[in-house]
Amino acid sequence: MRSNSSNNVIEIHGLTKRFGSFTAVDHVSLQIPQGQIFGFLGPNGAGKTTTMRMVLGLLPPSEGTAIVLGNDIRKQARTIRARLGYMSQKFTLYNDLTVEENLRFYGRSYGLRNNKLKSRLDYVLDIADLKGREHYTPTQLSGGWRQRLALGAAIIHEPDIIFLDEPTAGVDPLSRRAFWELLYTISSAGTTIFITTHYMDEAEHCEQLGFIYFGRLIATGSPTEIKQKHVPGNVVQFTPEYPVKTLQVLRTAQQQGELENTSNIDLYGAQIHVLTHNGDMIRDHITALLDQQEQPYTDMQVIPPSLEDAFLRLTAAQK
Amino acid sequence: MIQTHRLSRTFGKRLRRNQITAVDSLSLTIPQGELFGLVGPDGAGKTTTLRMLAGILKPTTGNATISDHDIVDEAETIKQSLGYMPQQFGLYQDLTVDENLNFICDVFNVVGAAREHRIHELLDFTNLHEFRQRRSKHLSGGMQKKLGLSAALVHKPNLLLLDEPTTGVDPVARREFWDILTELHASGSTIVVSTPYMDEAERCNRVGLMYEGKLMACDTPLKLKQLLPGVVYALRADDLLRAERILKTNASVLDVQPYGDILNIIVPDESHHRQLKEQLSQHDITIHSLRPTPPRLEEVFIYLVRQYRKDSNLQQEQFA
Amino acid sequence: MNQRHIYAIAKKEWLHIIRDPMTIFLLAIGPVLMLLLISYAMATDITDVPTVIYDQDQSDLSANLVTQLDASDVLNVTDHVNNTTGYEDQLEQRKARLVVIIEDGFSDQLTTTQGLESIATSAPRFSFVIDGTDPLSAETALETAVNISGQFVRNQLNTLVEQPQTETAMLPEQRQRLRQQLRAPVDIHTTNRFNPDLKAIWDLVPAMIAVALVLPGMSISTVIARERSQGTLETLVATPISKHAILMGKAFPYVLIALLNVVLMYIVARAVFGVPFRGNLLVYFALSGLYVLATLAIGLLFSILIKSIEAALWASMMFFLFPGMLLSGMFFPVDVFPFIVKLETLELPVVSGVLINRGMFLQGVSVKDLWWNILLLLIIAVEGFEIAGRLFKKRIA
Amino acid sequence: MIYRILNIAWKDLLHLWHNRLLLILVIFGAATELLIVGWATGAPVDDLKMVVVDNDQTAISEGLIEHLRQTDTLKLNEDGVDVFDNHDNEADAVHDLFTGGNFIFNPDNIMLIEIPAGFGEQLKTGQQPAIELTLNGANSLASTTARRVAEEEIYKYGTVIMVQHTFSGTESTAPTEIQILTQLEQTQPDITVKYNEELDRAHYTAPSEAAFVLYIIAIMIAAFMLAREREYGTFEQLLVMPIRPIEIIIGKAIPALLVGYANFLLVLVEMNVVFDIPVRGSLVLLLALAAGYLFVELGRGFMVAMVSRTQNQALLIIMLVAFVDITFAGYAVPVESMPRIMQLLSNLFPIRHWMIILRGILQKDVGLDILWPQLLWLMGLGIIINGITLWFFRRSLTRQE
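Treat the numbers as computed from the prediction; the structure is a model and nothing was measured.

## Examining the overall build of chain C
For chain C, the helix and strand inventory stands at 18 helices and 5 strands. Here chain C has a C-alpha radius of gyration of 30 Å; the compact-globule value for 397 residues is 21 Å, and the former is much larger. In terms of overall dimensions, chain C has C-alpha extents of about 100 × 45 × 40 Å along its principal axes. Here chain C, with 397 residues, has 63% of them falling under the buried criterion. Sequence separation of at least 24 residues holds for 78% of the intrachain contacts in chain C that already meet a minimum separation of 6. Looking at chain C as shown, the accessible area adds up to about 14000 Å², and 62% of this sits on carbon and sulfur atoms. Each charge class in chain C can be summarised by its mean position, and for the 29 positive and 36 negative side chains these summaries are 20 Å apart.

Here's what the structure looks like:
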């Protein structure tokens, strides 16, 4: 039933949602082709989850349409649902049921039977590396395992699209790594992934990104397109001896207009990033300033901007 | 300030097979006024440790003192000047920001003019002023976290225990949160914070890496980075996935870690730079750039945990 | 345990209750609503029991008896049948609950002289068939029917004997003695203390006040489990607030609401149902407060002992609702229960609640008469809070 | 369709299985409740404490006291008399006698009988002496029973004494008027009690409890299972799955049906064994109608769940609804004796019809030929209630806030 005009699995036009006088989502339009990993970024409360729930048919939109797999979500919600998977922000598996009982319930809800159910169950247990932990209840599992279990539950019926709402929140780097490897295998099998996240390094792995701010879609495109459009030029990065002090020095300098055509100056862990149009020229300028202000530093270099720079730039621009 | 001696905690029935040791004989000393970061994979015992220090979870064996008060016998005295922020939002969803803060002030006996002044100060601090009358369930994730922090700061505690305060918060709000923390730290209070974000751990005086309930490493970020044997090269290329598989076959490469749009390659020393380039070009991977980059705790963390897993597997094999 | 802490927790708990329209409605107005509804519906005396007459005698005398039966407000003659299967069906279809059968020859025995003599050998007999499903109304209906018919026969005999024209072998003084003794042998004056005309409302309403106060007790039974499931308990436990302050603070709003209910229900009992109040008002409110504390103590104990909300709700349902209706003494007097069941009711505050309310409303008793129930409630309240305090740990695991 | 329904049912059963305390409470709670309640209400109203003040001190008055003592309903409280004596006025004495007792070791006195001086003389000569009977009205059931038994016994004793003394026994045969009197006294009306031979009160309360067990389990489980999903947020997950609302309802109804049934059977057996209330009518019909009734009540349970956001709220509503239902079901007091409008209103409550069906089949061995109106009512109410619930369910699904 795919709309053969384009192989878009999700087409959203002017989707809006108003809660009383507050507009949570303001005329968002998006196209997501089949098999793509789509990242949906934005600060808390920007309307990410609301948009997702509208596309899932959980929340009736105030305006606009959402065509998923060729069907309008308002009318054929139920037929679409059989081919969707959803992993919400809150862990919504049953804490008092064991891992196996949870997965069997999900499998059966999507109509899987006996040997099909068995094979899918083994597949999910395998990729989520929960073999041998079937009898644990989710409360006995650590954060990472619970995330993989929730993902497993969402893909047990081989959905065409899976929606993941901040799946890796609060998960340590290694488990995040494992989680994304899992996503790659799923995506390579042709499943479209619609994911929201706050980890900008994860956003880099997405093929298309949407950036929403106070309900309005302010940027879309591949990670490289977004970086080129919104963060032209590059970043001067160095490791200051006294990060907080040096940051203060640079920011006051910028306010006094000494560092023209530089935009965001932020801390990235132990390094400081200075966003500029022309990296080399600004780098010498900064080294001079730092020496003059006796702010010791190491590893001064010019690197291309990352998505985190883009995120900070876009939010700063909107304020 | 904090002194623990072989602190440990197990969950689950003694006899039943799935008894889990969450924290395994942890010995740790945190001096007054330090910003201490606690990192580690999930289930490493970070939350359990913080809960034991906050005196809301009894340790199974071992003990610990906070400014010389025992965490089990004198838990109540410790709590007088302790600020604790649990992982999930610990305040009341159906109460407004004001009502929540006033309630906490009552609990900590912050009264009269001091209360009004303190609340005002905190709302400035976290710029939550215009949300005073909003129910906390209508606050965004970042704002809820700031409210949680202010609740823990109402009585100006000299020890702050924060359990993953910035989880699920966007990068901008995270930075604002940490600016508050560094300011607090500058004013002298001791802060122990557990976090999954390695970039935040970088801003701590010392970082403790926990793994399966044990303290695997505990030192300043700088010293931890020295644990990395060799140099880190950042590779920017087209097909990073394929590059990763190729480099894994190279014996002299110690570890390969993808991060966003770059691939961090750990090699013993600079001499391997040329050899890496050749290997990649043999498999016709177009390299945009391959340059040494300062190691970050993220890479140290992944390297150490993988190392640890290899050793413990080795041990298991010996015993198995 | 300073007051500020208790006040803080109480205020917070109050806000939770207020913020939740459904709960405030159920806690504040629920009990009064229950009192009104149940008292109005249940407190009527046994009246208009459908009765069917099988009159084999078909005389105006028997008709006269039937009208007398119908006249009583306990019975209400609905039908006449003329064969056994007739009244059998009526019984099965619940159209009739009592059948009065008047045998043939009933009137001859009571209107003619030879009839009179024949009584010496065999007196007129009635037979009744009663539907025993509800013993309470069956007994009352039966007693009324037997009394009226017995009295009717005696009066009829009296008039027969008095009439000069009934020639009988009996001598005049024999006739006189018979008339004398036809009257009841003994004249019994019954006076009913505290509830002269045995109004069921007076008996039920005070008891219902105690039973309705079960509601706040039940809603408090999940108060700790709720904080635990919302994750707010962890913050609370990490503060220096003492555990007793938490318990007291949490119980306080519920006590307040319950007392509000006591006042409301007192007004309804007096104004709407006109139940007399013969005790001392101040003592009554003090004792009601004690009763409320006892109920809440058990509710609080439930909320600490039972971790899952469903189990706590179910346990409080089993502990408060059913016993409240049947074991509280509202309908069935407790002192009649088997001894073991009486022991069981010891830990039910509702039993003492009913006794106190009835005692104060109807009997106008004072503290010295109720010392036993007060002692019981004191033990339950003190013991309840004390155990709750001990069991409630400022720990989360 | 069926597969998905069974799937949800199986999940809810697992929830119950994992929550052992709840499972035990649900299964055995009702049975123990019935045991205690049946036992307590079934007990005959007897050894009610009575105080007798004998101002006559004659053989006859002592005979009367002895006669009253024989009955097992009344129990003579000797030391009551001196309590009476050391009070100057009678009102205080009575007040003291009727209050101050405790229901465990010495319950209050129920009745005071004062035999006036000259009672014996007057009785012998048939001058109808008076007797003062004072009852403790605070305890209505006990006092009415005591009054009825006392009056009956006093009349009997009085007639026997009167007859003895008027008939000097010299004539060979008693004069006709004495024979008439004795005959009148001896002829007891023949009373046949149907459906509950010994008029045992437990035969009334036990079935009401059994009917109520089914009712309360249906509502509680339906409400909790659904309210719990809403509270924990797992409901949203269900909505995302290709499950129709009707399937969720039926799916959730099945565990309630099973548990309700298990409980009902347990209670039926218990009633039969412990309170020897036989199932006179056809068991199959009873079980079928029980299932029908359960389904109707489940509708209301879901309605309650949809209205309340948390489980605690669900409980409070159930409590209120239960109290209303108790009234209209004739749980403790029969509906016939309620005011007219109440009786009409009671038809709107499924439990009222279920109570009639249960009593009918249990005690009256009646079939559908008699009970068809109840069945009609149940079906009608069932369709309406479940209809509204489904509509409400669907509406709130789309408006899921």
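## Some remarks on the overall build of chain B
Along chain B, the regular secondary structure elements total 11 helices and 14 strands. By its C-alpha atoms, chain B is 75 × 50 × 35 Å across when sized along the principal axes. Here chain B holds 320 residues, and the buried ones make up 59% of them. When contacts within chain B are restricted to residue pairs at least 6 apart in sequence, those whose partners lie at least 24 apart make up 69%.

## With respect to the arrangement of the chains
Of all 4 pairs of chains in contact, the one with the most contacts involves chains C and D. Between chain A and chain C there is no contact, and the shortest C-alpha to C-alpha separation is 11 Å.

## Remarks on the interface of chain C and chain D
Contacts between the two partners involve 126 residues from chain C, matched on the other side by 126 residues from chain D. Here chain C meets chain D over a buried area of about 11800 Å², counting both sides, of which 70% is carbon and sulfur. Linking chain C with chain D are 2 salt bridges. A salt bridge links Glu 139 of chain C to Arg 148 of chain D; its shortest N-O distance comes to 3.7 Å. The element contributing the most residues to the side of chain C that touches chain D is helix α15 (residues 309-327) of chain C, with 14 residues. For the side of chain C that touches chain D, a count of residues per class yields 76 nonpolar, 26 polar and 24 charged. The pairing of strand β5 (residues 187-193) of chain C with strand β4 (residues 130-136) of chain D spans 7 bridges and is parallel. Residue pairing for β4 of chain D: Thr 190 of chain C is matched across the bridge by Leu 133 of chain D.

## Overview of the side chain of Thr 315 of chain A
With respect to the secondary-structure elements, Thr 315 of chain A resides in helix α11 (residues 307-318). On the basis of relative accessible area, Thr 315 of chain A is assigned to the buried category, the value being 2%. A distance of 2.4 Å separates the side chain of Thr 315 of chain A from the backbone oxygen of Phe 311 of chain A, its partner in a polar contact. A distance of 3.3 Å separates a polar atom in the side chain of Thr 315 of chain A from the backbone oxygen of Leu 312 of chain A. Not counting residues up to four positions away in its chain, the partners in contact with Thr 315 of chain A are Pro 43 and Tyr 213 of chain A together with Val 172 of chain B.

## Regarding the nonpolar core
By size, the foremost hydrophobic cluster in this structure holds 408 residues, and its most contacted members are Leu 151, Phe 163 and Leu 183 of chain A together with Phe 212, Ile 216 and Trp 354 of chain D. Ranked by residues supplied to this core, first place goes to helix α9 (residues 202-232) of chain D with 20 residues. With near-sequence residues (within four places) excluded, Trp 354 of chain D lies in contact with Ala 211, Leu 214, Phe 264, Leu 286, Leu 289, Ala 290 and Tyr 293 of chain D.

## Focus: the pattern of salt bridges
Counted according to the given criterion, the structure contains 64 salt bridges over all chains. A salt bridge links Arg 18 of chain A to Glu 63 of chain A, with the shortest nitrogen-to-oxygen separation between them at 2.5 Å. Placement of the pair is Arg 18 of chain A in strand β1 (residues 8-19) and Glu 63 of chain A in strand β4 (residues 63-68), with a sequence separation of 45 residues. Given a relative accessible area of 35%, Arg 18 of chain A falls into the partly exposed group. Its salt-bridge partner being Glu 181 of chain A, residue Arg 177 of chain A comes within 3.3 Å of it at the nearest N-O pair. Residue Arg 177 of chain A and its partner Glu 181 of chain A are located together in helix α6 (residues 173-188), separated by 4 residues, close to a single helical turn. Members of the salt-bridge network, linked through shared partners, are Glu 308 of chain A together with Arg 174, Arg 175, Asp 199 and Glu 200 of chain B.

## A few points about the domain arrangement of chain B
All names here are of chain B. Segmenting chain B into domains produces domain 1 (1-81 + 157-228), domain 2 (89-156) and domain 3 (229-294). Spacing between the C-alpha centres of domain 1 and domain 2 amounts to 24 Å. Facing the 18 residues of domain 1 at the interface are 12 residues of domain 2. Buried area between domain 1 and domain 2, both sides added, is near 1200 Å², and the carbon and sulfur share of it is 73%. By the criterion of area lost to domain 2, the three top residues of domain 1 are Pro 157, Phe 177 and Ile 180, representing 44% of everything that side buries.

## Observations regarding the pairing of strand β9 (residues 208-213) of chain A
Residue and element names in this part refer to chain A. Where burial is concerned, most of β9 is hidden: 6 out of the 6 residues are buried. As defined by bridge partners, strand β3 (residues 37-41) adjoins β9 across 4 bridges and the pair is classed as parallel. For Gly 39, the partnering residue across the bridge sits in β9 and is Leu 209. The pairing of β9 with strand β10 (residues 216-221) spans 5 bridges and is antiparallel. From the neighbouring strand, Leu 209 faces β10, where its bridge partner is Gly 221.

## Structural notes on the packing of helix α3 (residues 60-71) of chain C against helix α7 (residues 135-162) of chain C
Residues and elements named next belong to chain C. Relative to each other, α3 and α7 sit at 140°, their axes nearing to 10 Å. Taken together, the axes of α3 and α7 are oblique relative to one another. Judged by the twist between their axes, the crossing of α3 over α7 is right-handed. Across the interface between the two elements, Leu 61, Asn 64, Leu 65, Gln 68 and Leu 69 of α3 pack against Ala 145, Ile 148, Ser 149, Phe 152 and Gln 156 of α7. Residues that form the contact of α3 with α7 fall into these classes: 6 nonpolar, 4 polar and no charged.

## Points about the packing of aromatic side chains
Geometrically, a pair of aromatic rings is defined through the distance of the ring centres and the angle of the planes. Scanning all chains against the criterion turns up 30 aromatic pairs over all chains. Measuring from centroid to centroid gives 6.1 Å for Phe 238 of chain A and Tyr 297 of chain A, while their planes differ by 80°, and the two rings are edge-to-face. Highlighted residues: Phe 238 of chain A in strand β11 (residues 234-240) and Tyr 297 of chain A in strand β14 (residues 297-303), separated in sequence by 59 residues. Tyr 297 of chain A gets classed as partly exposed once you look at its relative accessible area, which sits at 25%. Between the aromatic rings of Tyr 54 of chain C and Tyr 87 of chain C, the centroid separation amounts to 6.2 Å while the plane-to-plane angle is 45°, which identifies the pairing as tilted. One end of the pair, Tyr 54 of chain C, is in strand β1 (residues 49-55); the other, Tyr 87 of chain C, is in helix α4 (residues 84-92), and 33 residues separate them in sequence. Among the aromatic side chains, those forming a connected cluster through ring pairs are Tyr 266, Phe 277, Tyr 284, Phe 285 and Phe 361 of chain C.

## A look at helix α9 (residues 200-212) of chain C
Working note: α-helix, 3.6 residues per turn, so residues spaced by three or four point in the same direction. Taking 1.5 Å per residue as the helical rise, α9 of chain C with its 13 residues ought to reach 18 Å, and the 18 Å between its terminal C-alpha atoms agrees with that figure. Counting buried positions along α9 of chain C gives 12 out of 13 residues, so the element sits mostly inside the fold.

## Description of unusual backbone geometry
Residue and element names in this part refer to chain B. With phi around 40°, Ser 25 is a residue other than glycine that occupies positive phi space. Within the secondary structure, Ser 25 is located in strand β2 (residues 20-30). On the basis of relative accessible area, Ser 25 is assigned to the partly exposed category, the value being 28%. Within the chain, Asp 284 stands out as a residue other than glycine whose phi angle is a positive 35°. Note on Asp 284: relative accessible area 61%, which makes it exposed.

Rules and cut-offs
Residues numbered from 1 in each chain as written. Chains lettered and ligands numbered in written order. Predicted model: local features only at pLDDT ≥ 70, side-chain atom pairs only at ≥ 80, totals over all residues. Heavy atoms only, no water. Helix = DSSP H or I, 4+ residues; strand = E, 2+ residues; numbered from the N terminus. Rg over C-alpha atoms; globule rule 2.2 N^0.38 Å. Buried < 20%, exposed > 50% of the residue type's maximum accessible area, 1.4 Å probe, protein only. Contact = heavy atoms within 4.5 Å. Areas by Shrake-Rupley, 256 points an atom, 1.4 Å probe, with all protein chains shown as cover. Lys, Arg positive; Asp, Glu negative; His and termini not counted. Charge placed at Lys NZ, Arg CZ, Asp CG, Glu CD. Buried area = accessible area lost by both parts, 1.4 Å probe. Salt bridge = Lys/Arg side-chain N within 4 Å of Asp/Glu carboxyl O. Nonpolar A, V, L, I, M, F, W, Y, C, P; charged D, E, K, R; others polar. Pairing = 2+ DSSP bridges. Polar contact = N/O pair within 3.5 Å; in protein donor to acceptor, adjacent residues only side chain to side chain. Core = buried A, V, L, I, M, F, W, Y, C linked by side-chain atoms within 4.5 Å. Domains from an automatic or database assignment. Axes fitted to C-alpha atoms, helices over the stretch in contact; angles between N-to-C directions. Parallel < 35°, antiparallel > 145°, perpendicular 65-115°, else oblique. Left-handed = near helix turned anticlockwise from the far one by under 90°. Phe/Tyr/Trp six-rings, centres within 6.5 Å; stacked < 30°, edge-to-face > 60°. Expected span 1.5 Å × (residues − 1).

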